Amino acid sequence: EPTGDERWRKDVPAKVTSLALDAARGRLYLGYDHPASLAAFDPGTGAELWTTPLEPSYPPDEAIVCNDGRVACVTPFRTILVVTPEGKHEPPVTCDERIYGTHGALAPSGDLVIVTSDPKGSHVELFDPEKGFKRKTSFEVTDCMGVPAIDREGTLYLDGGARGYV
C-alpha cells in the first residue's frame with residue numbers, strides 16, 4: 001500500500017523473472033523461471049486467475065502489457081511469446097538475435113519495441129500488436145545496448161554500456 005502496509009503476500013512456485021501490471025484490466029503478471037510460465041493474479045487480493053506454460057521456450061525476461069491487454073513475453077533468445085488476457089497463446093513472434101540478449105518496451109504509439117544487442121551495438125525492431133505483431137520497421141544503432149526507455153514523443157533511449165554515455 002502507499003502507506004507501507006502489506007496488502008498481501010503469496011508464495012510462488014518458481015523464481016520470478018518478469019513482472020508487469022495491467023491496472024486497466026486488474027491483472028498482475030508474473031513470469032516464472034522453471035518451468036517457464038506466465039501467471040495472472042488479481043492485484044487487489046492476490047488470487048491467482050490462471051497460469052499458462054511457455055515451454056519449450058525460455059523463461060520471459062520481460063512481460064510487456066500491450067494496449068489491448070495481450071502480454072508480450074520477451075525471452076532472451078529471439079522469441080516473443082504472446083498471451084491473451086485469458087491466458088491463451090497466440091503465434092510466437094521472432095526477432096533478430098544478438099549475444100547480449102533481447103529487451104523490449106511499449107512505445108506511446110502502442111508499438112512493441114524490441115532491442116537485441118551485441119558488442120557493436122543494437123538492432124531495433126518495431127512490431128504492431130494491432131496487426132498480429134507484424135514487423136513495421138527495423139534499424140541499427142551503434143555503440144548502444146540494453147533495455148530501452150521511450151519518452152512520450154517516442155524517442156528511444158539506450159545505454160552506451162561501459163562506454164559511459166546514453
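This text goes with the structure placed above it.
In short, a report on the structure.

Cut-offs used in this document
Residues numbered from 1 in each chain as written. Predicted model: local features only at pLDDT ≥ 70, side-chain atom pairs only at ≥ 80, totals over all residues. Heavy atoms only, no water. Helix = DSSP H or I, 4+ residues; strand = E, 2+ residues; numbered from the N terminus. Contact = heavy atoms within 4.5 Å. Core = buried A, V, L, I, M, F, W, Y, C linked by side-chain atoms within 4.5 Å. Buried < 20%, exposed > 50% of the residue type's maximum accessible area, 1.4 Å probe, protein only. Pairing = 2+ DSSP bridges.

### Quick word on the environment of alanine 105
Thought 1: Within the secondary structure, alanine 105 is located in strand 9 (residues 102-106).
Thought 2: Residues alanine 105 and leucine 21, 84 residues apart in the sequence, show an inter-C-alpha distance of 13 Å.
Thought 3: Look past the residues within four positions of alanine 105 in its chain and what remains in contact with it is Ile64, Asp111, Leu112, Val113, Pro148 and Ile150.

### Considering the nonpolar core
Thought 1: Of all hydrophobic cores here, the largest spans 13 residues; its most connected members are Tyr29, Leu38, Trp50, Leu54, Val71, Cys73 and Val83.
Thought 2: Filtering out sequence-adjacent residues up to four positions away, valine 83 remains in contact with Leu38, Trp50, Thr52, Leu54, Arg70, Val71, Cys73 and Lys88.
Thought 3: Counting residues in each nonpolar core, the second largest holds 12 residues, with Val82, Leu112, Ile114 and Phe127 among its members.

### A word on unusual backbone geometry
Thought 1: Residue histidine 34 is joined to proline 35 through a cis peptide bond whose omega torsion reads 0°.
Thought 2: With respect to the helices, strands and loops of the structure, proline 35 is situated in the loop between strand 2 (27-32) and strand 3 (37-41).
Thought 3: The backbone of phenylalanine 133 sits at a positive phi, close to 60°, despite the residue not being glycine.
Thought 4: In this structure, phenylalanine 133 sits in the loop between strand 11 (121-128) and strand 12 (134-142).
Thought 5: When its relative accessible area of 4% is taken as the criterion, phenylalanine 133 is described as buried.

### Quick word on the pairing of strand 1 (residues 16-22)
Thought 1: Direction of pairing for strand 1 relative to strand 2: antiparallel, over a ladder of 6 bridges. Counted as the bridge partner of aspartate 22 is arginine 27 from strand 2.
Thought 2: Between strand 1 and the antiparallel strand that follows it, strand 2, lie 4 residues; glycine 26 among them carries a positive phi value of about 65°.

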